[in-house]
Amino acid sequence: MRRTLFSYLLWGSLCACSPEVPFEVMPQEEPPLLWVDPPGFPEAQFEPSNPYDPARVELGRRLFFEPRLSGPGTISCATCHNPEQGFADGLVRSVGASGKPLARHTPALFNLAWVSSGFFWDGGAKNLESLVFGPLTDPDEMAGDLLEIAAWLQEDESYPTEFERAFDEPFQIGQVAMALAQYLRSLVSVNSKYDQARQGKAALSEAEVRGLALVEEHCSSCHAGEQFTNHEYKNNGIAQTFSEEDDGISLGRARVTGDPADRGKWRTPTLRNVTKTAPYMHDGRFASLEEVLEHYRSGIQEGETLAPELRGGISLSPEDVQDIVSFLQTLSAE
Amino acid sequence: MTTVPSSLLLFALTTACAEDEVDRSDAEAGSSSLEETEQELQVRLKELETIVSRLGTLIEKNERALKNAQSESEVTQASYAAALEKNEKLHEELRDAEVELASLQATLRAAEEELGDLKADKQTLLALLDSSSQEFFGKLEQLEDQVKQLELRLSEAGFPVSLRFSHRVGDEELVRGQQYSVGDASLSVKEIRYWVSGVKLLGVSGEEFALPDSYYLVEDAPEQMTHSDYTRPARKRDVVTLLQIPTGQYQGMEFSIGVDSLYNDNLSLHAGELHVLSNMANETWMWFTSYIFSKFSGSYETEAGEKVAFSWDTGSNAMYRSVSLDFPEVLNLEESGAVQVDLNVDVLELLAPFSDGLPAVIGPQKQAEMSLLADAYTRAFTLESVSAP
């Protein structure tokens, strides 16, 4: 399997490949030799300690689908982050090793290479390299034991060779996280009708054009830019009280910063592929986009940390809601 | 030419005889013309006499010429002979020269052959010299390298400085699980663990020597279960040996409790003893992206008999604290040899900020308490002595 320079040139054309995948993601069968940002995207964020390396992407992909990383040996990252469902699971709250529903909804994984403000719904992971340890070891998620993982990975028939190929130094457990981080960065969604329209290859309908204008008018202070998110943490008025229980898992961004002013603030998710990543909000409370828009129209709960733009809600007519949903459909890769 | 050719002379005589025979036959045939014939004969005779006289003259001339020629020839012959002789001599000289030349050529050839041999010898010698000198210089270089490396190692290894962390409860040595009286209350410590990192030695002229990758886990901890089949055995680690300190004069040292943000913000990195397998990173803290900087747990019974099982963690970048300690006197690391620095760590200092009541849990959701505890760690360390081990 020789990687070729040619492969990365096919970025756009090879993406929409598998019909079972609801939207296209990189990598292709062979990760490109060099990282190239898709047109219109900013520069991808790589940790200096873990620069792009196709061998690490390949190893990361294998680890992503590896159930032996979990305590029971049956759950891989892909169990909840299922590639066929946009690297999410479509459930309100996923269930892991303990059988207990998790506190939050599984987020979709794509275009993570352009996120620099932390990961998880509250940004507890400072980078992709540090992200994996929580889900991997949490008893309610994969319940993996790092000592055990380190032991069997080094005794495995084929993993040691792959680690050696991907890293020039002796095995250490952090390499598992580095390889997974490389795989996560390689998940790219870029080829939506919206993208095609921007490139002049498709035309938006009148409803879609009206929807785009409405999104720009009412949503773009948070859902900004080509990724349709400012990557910030905002209170969008879905709650007024925030429990400190369970290590503050319901506090929002304040769990991480310890700052009461960050209570109830959650990551602004991208709107790309939004029609295919239901349910919505950090806890999956809204099943449809119509419900989400109804919340912004009529359901905003006031509070000290509420995003000021949302005070009093957003005034939208039923036609506006229709148009916005039409437009949002154009953000899903085909 | 001075000689008359003999063929011409013979022609003249033969012609004269033939004319005389014709005249005689005419006289026999007719008598009338006798007188005429006589006259004619007389004329012929005179002509013949003239011819003879001319011939005589010619002969005389010829003879003279011949004589001249002979004498000339003699002279010529003499000079020829001389020339021959000279030629002979020249030939002889030439032969001699040729012989000499041949011998010279032979000598030359011999010399050339000798030169060739010498050149070959020289080549061989040069090659020998070259390889042996290469070998020699190679060896020399290797030896110099070895010397350099040894010197480097010597200078790097320097003398080891051991840090000995003696955990104490006030004046008493801390023994895990043992009850200690604290005023009217009592304390029992189950576990104490913390990262000592960023160790620096402070030179007398203000320069600092920072030990690279210095992350050490100091602990006195019981057996610990993980949530698989793995059990971490009880472990007491109280001595940290610092190597590769340059010789020099030092007036003190500095270290931090916890992990600097560069490494604390990326759990995939590893350095020194730092990695996520040390049981100083659990799922609670990893959801934050931080190592556990310190763990301190045990039980505390107040004089009223109220018992608190406490479990205190610090972690996150904001809890990173440094401790600076002066040596009692300047440490000259060259003269001193190996050195042990004895540090006392009084756990009563860790309790001090919470005299109004000990919290059962200090952790990520208790920022204020965590901060008080992190500060208390810096006061817990005192330098007891610097001595030879």
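What counts, and at which threshold
Residues numbered from 1 in each chain as written. Chains lettered and ligands numbered in written order. Predicted model: local features only at pLDDT ≥ 70, side-chain atom pairs only at ≥ 80, totals over all residues. Heavy atoms only, no water. pLDDT = per-residue confidence, 0-100. Helix = DSSP H or I, 4+ residues; strand = E, 2+ residues; numbered from the N terminus. Contact = heavy atoms within 4.5 Å. Buried < 20%, exposed > 50% of the residue type's maximum accessible area, 1.4 Å probe, protein only. Polar contact = N/O pair within 3.5 Å; in protein donor to acceptor, adjacent residues only side chain to side chain. Core = buried A, V, L, I, M, F, W, Y, C linked by side-chain atoms within 4.5 Å. Phe/Tyr/Trp six-rings, centres within 6.5 Å; stacked < 30°, edge-to-face > 60°. Lys NZ or Arg CZ within 6 Å of the ring centre and 35° of its normal.

(A) A look at the confidence of the model for chain A. Residue and element names in this part refer to chain A. Looking at chain A, the pLDDT average stands at 88 and 91% of residues meet or exceed 70. Averaged over each element, pLDDT in chain A is lowest for helix α1 (residues 5–9) (35) and highest for helix α11 (residues 206–218) (97). For the stretch residues 1–24, pLDDT sits under 50, and the model shows 56 contacts to residues farther than four places along the chain or on other chains.

(B) Fine view of helix α3 (residues 54–64) of chain A. All names here are of chain A. Of all 11 residues that make up α3, 10 are buried, and the element is covered over most of its length. Along α3, the residues classified as buried are Pro54, Ala55, Arg56, Val57, Glu58, Leu59, Gly60, Arg61, Leu63 and Phe64. Turning to α3, the residues buried within the fold contact α4 (77–80), α7 (146–155), α8 (159–166) and α9 (174–185). Taking the backbone nitrogen of Ala55 as reference, a side-chain oxygen 2.9 Å away marks Asp53 as the first, capping residue of α3.

(C) Seen up close, the nonpolar core. Judged by nonpolar contacts, the single largest core of 122 residues is most densely connected at Leu63 of chain A together with Phe165, Tyr194, Phe255, Phe296 and Phe381 of chain B. For this core, the element with the most residues is strand β4 (residues 185–203) of chain B, which contributes 9 residues. Discounting chain neighbours no more than four positions away, the residues touching Phe255 of chain B are Phe165, Val196, Ser197, Gly198, Val199, Arg321, Ser322, Val323, Leu325, Leu343 and Phe381 of chain B. Counting 28 residues, the second largest nonpolar core, distinct from the first, contains Cys219, Val292, Ile314 and Val325 of chain A.

(D) Looking closely at the packing of aromatic side chains. Taken as a whole and judged by the stated rule, the model has 32 aromatic pairs over all chains. The interplanar angle of 75 degrees and the centroid separation of 6.3 Å between the aromatic rings of Phe165 of chain B and Tyr194 of chain B together place this pair among those described as edge-to-face. In this pair, Phe165 of chain B is assigned in strand β1 (residues 161–169) and Tyr194 of chain B in strand β4, connecting sequence segments 29 residues apart. Consider the rings of Phe165 of chain B and Phe255 of chain B, whose centres lie 6.0 Å apart with planes at 85 degrees: the pair is edge-to-face. Placement of the pair is Phe165 of chain B in strand β1 and Phe255 of chain B in strand β11 (residues 249–257), with a sequence separation of 90 residues. Grouping residues by exposure puts Phe165 of chain B and Phe255 of chain B together as buried. Through pairs of rings, three or more aromatic residues link up here, namely Trp35, Phe41, Phe46, Tyr52 and Trp114 of chain A. Over the ring of Tyr233 of chain A we find Arg253 of chain A, and its NZ or CZ is 4.2 Å from the ring centre. The residue whose ring lies beneath Arg255 of chain A is Phe288 of chain B, and the NZ or CZ to ring-centre distance is 4.4 Å.

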